[in-house]
Amino acid sequence: MHYDVLITGAGPAGCMACRLLSEAGFKVLLLEKEKIPRDKCCAGFLSPQAIELIEENFTTIPPETISHPRDALGAKLIAGNGSTFQLPFSRPGLSVSRARLDAFLADESGGELRDGCRVLDLEVERFLVRGELKTEAGSETVEATYLIGCDGGESLALQSLRPEFFRTYAAPHLGRVSLVLAEGSIEWEPGWIGLVFNKRGRGMHRFYIKDGLIALAVMHGNSGTWRGEFDSLVAFLEETFGLKLEGESLAGTSAINLMGATGKFNLGAGSALLAGEATGLLDPWGFGIRLALESGRIAAQSLIDSAGQSITPHLHYSSRMQGLLNREIEQKRKFGGMIGDLDTSSLVRDSSRVGRRNRRELKHAFF
Ligand SMILES: Cc1cc2nc3c(=O)[nH]c(=O)nc-3n(C[C@H](O)[C@H](O)[C@H](O)COP(=O)(O)OP(=O)(O)OC[C@H]3O[C@@H](n4cnc5c(N)ncnc54)[C@H](O)[C@@H]3O)c2cc1C
């Protein structure tokens, strides 16, 4: 069977690209290795910009995807001494279940969706993509004219298209996040994600309250285990916010790709594009859903506009993504005002020693 477009990964980037291409009449195969609904280590805080992208291109976000409490207000960055900097969204966003949101997006994507179908290998030539797939039923090879790789932080598409780039820039910045859910109590206003520096590595730990549970998302090295980091985060939160845990369970572990934080992005090549976290698009606070949706949309539009012109879509895609990438880089350089979808003015206003040290720490970690 020959398809116009193969899309690997049914997260926000893949579903957005699939939706627009299907609407434009392309024959699209959307491949997802997990069974849908699939869990994803994610706080599921949708910024107002992410909500707009979904509602403009799909339909209204259905109530069954929304968590309790529903308002997502932004993030609070917590310095080592417990002082807190509020980084709000420009207006309240929505707190959602990622499993349910992504299932809704996949349902509405309009393409041929195959879940429980892992892409094992990709071969890409000009206007020909061959994918080797593995399902419960066995193996299969599919062909398409174009590829959009939306397969997240540990992207096979990036590894296949740009092995040298992956080894040099992505692999050293790959980390893992383990999500632990627990009952208990904490003096913390639901609606905010707490961000705590990972003292021993890059990135940040996160915690938040959702659907009556306390969620602790612990960042650790690619090979290391989560337990040590988890224990030190818990000790910090016990002391700072009176955390009391009653039992805990590991909800899952995901790869996270921080290469974009070092200014390295990869948009693919020729007739094979990358979008979302596969590209390195994750803002310094770890928010990536809006960037995934936006890049998925631009990838699809670039492909639609290049088809029939006998030019590869990468030409349009790389020039149209420049605006988005420049905005990311420029925001970080200025440091203050909006960085990603969060307003960081409170960090810049604080001229105390704590504020200055925190800014230094942040710049060292991300900028
Ligand atoms: C702990 C944590 C909390 C976060 N919280 C937020 C938040 O509150 N708000 C926010 O905006 N962002 C958040 N993010 C970031 C956000 O989750 C990602 O940026 C976003 O999911 C990226 O979307 P994507 O479509 O690029 O990739 P993904 O959502 O990762 O989707 C990629 C898909 O590809 C599939 N796949 C991978 N390999 C293959 C293969 N070989 N074959 C077939 N399928 C494959 C995967 O199963 C997956 O479903 C958080 C991240 C973490 C780790």
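Residues numbered from 1 in each chain as written. Predicted model: local features only at pLDDT ≥ 70, side-chain atom pairs only at ≥ 80, totals over all residues. Heavy atoms only, no water.

S.K.: Talk me through the state of the cysteines; I want residue IDs and the actual numbers.
M.R.: In the structure shown here, the tally under the stated rule is zero disulfides. There is no disulfide at C18, and the cysteine sulfur nearest it, in C15, is 7.0 Å away. A relative accessible area of 0% places C18 in the buried class. (Disulfide = S-S within 2.5 Å. Buried < 20%, exposed > 50% of the residue type's maximum accessible area, 1.4 Å probe, protein only.)

S.K.: Talk me through the site of the ligand; I want residue IDs and the actual numbers.
M.R.: Around the ligand, a shell composed of 35 residues is seen, among which E32, R38, F45, R98 and E277 lie nearest. One of the backbone nitrogen or oxygen atoms of A13 is found 3.0 Å away from an oxygen atom of the ligand. Contact between the ligand and A43: a nitrogen atom at 3.1 Å from a main-chain N or O atom of the residue. Within the complex, the protein chains bury 95% of what would otherwise be the 1000 Å² of accessible surface of the ligand. Classifying every residue of the shell around the ligand by side-chain character gives 18 nonpolar, seven polar and 10 charged. (Near = heavy atom within 4 Å. Polar contact = N/O pair within 3.5 Å; in protein donor to acceptor, adjacent residues only side chain to side chain. Areas by Shrake-Rupley, 256 points an atom, 1.4 Å probe, with all protein chains shown as cover. Nonpolar A, V, L, I, M, F, W, Y, C, P; charged D, E, K, R; others polar.)

S.K.: Which residues make up the sheet that holds strand β14 (residues 244-257), and what values go with them?
M.R.: Here we have eight strands laid out as an open sheet, ordered β3-β5-β4-β11-β12-β13-β10-β14, and mixed in their pairing. The open sheet has two edge strands with one neighbour each: β3 (45-46) and β14. Of the pairings in the sheet, the one linking strand β11 (residues 192-197) to strand β12 (residues 204-210) comprises four bridges and is antiparallel in character. Bridge pairing links V196 to H205 in β12. On the sheet, helix α6 (residues 227-241) packs against β4 (66-78), β5 (84-96), β10 (174-185), β11, β12, β13 (213-220) and β14 and is oriented at approximately 130 degrees with respect to β13. (Pairing = 2+ DSSP bridges. Helix = DSSP H or I, 4+ residues; strand = E, 2+ residues; numbered from the N terminus. Contact = heavy atoms within 4.5 Å. Axes fitted to C-alpha atoms, helices over the stretch in contact; angles between N-to-C directions.)

S.K.: Explain the domain arrangement of the chain to me, and be specific about the residues and the numbers.
M.R.: Segmenting the chain into domains produces domain 1 (2-68 + 96-172 + 258-334) and domain 2 (175-254 + 340-366). Distance from the C-alpha centre of domain 1 to the C-alpha centre of domain 2: 27 Å. Domain 1 puts 23 residues into the contact, and the matching count from domain 2 is 25 residues. When the two sides are added together, the surface that domain 1 and domain 2 hide from each other amounts to roughly 2100 Å², 57% of it contributed by carbon and sulfur. For domain 1, the biggest contributors to the area lost against domain 2 are C41, F45 and W285; these three give 34% of the whole. Run the count over domain 1 and domain 2 and you get two salt bridges. With a closest N to O distance of 2.7 Å, E154 and R176 form a salt bridge. There are nine residue pairs in polar contact (both at pLDDT 80 or more) connecting domain 1 and domain 2. Considered class by class, the residues forming the side of domain 1 that touches domain 2 number 10 nonpolar, eight polar and five charged. (Domains from an automatic or database assignment. Buried area = accessible area lost by both parts, 1.4 Å probe. Salt bridge = Lys/Arg side-chain N within 4 Å of Asp/Glu carboxyl O.)

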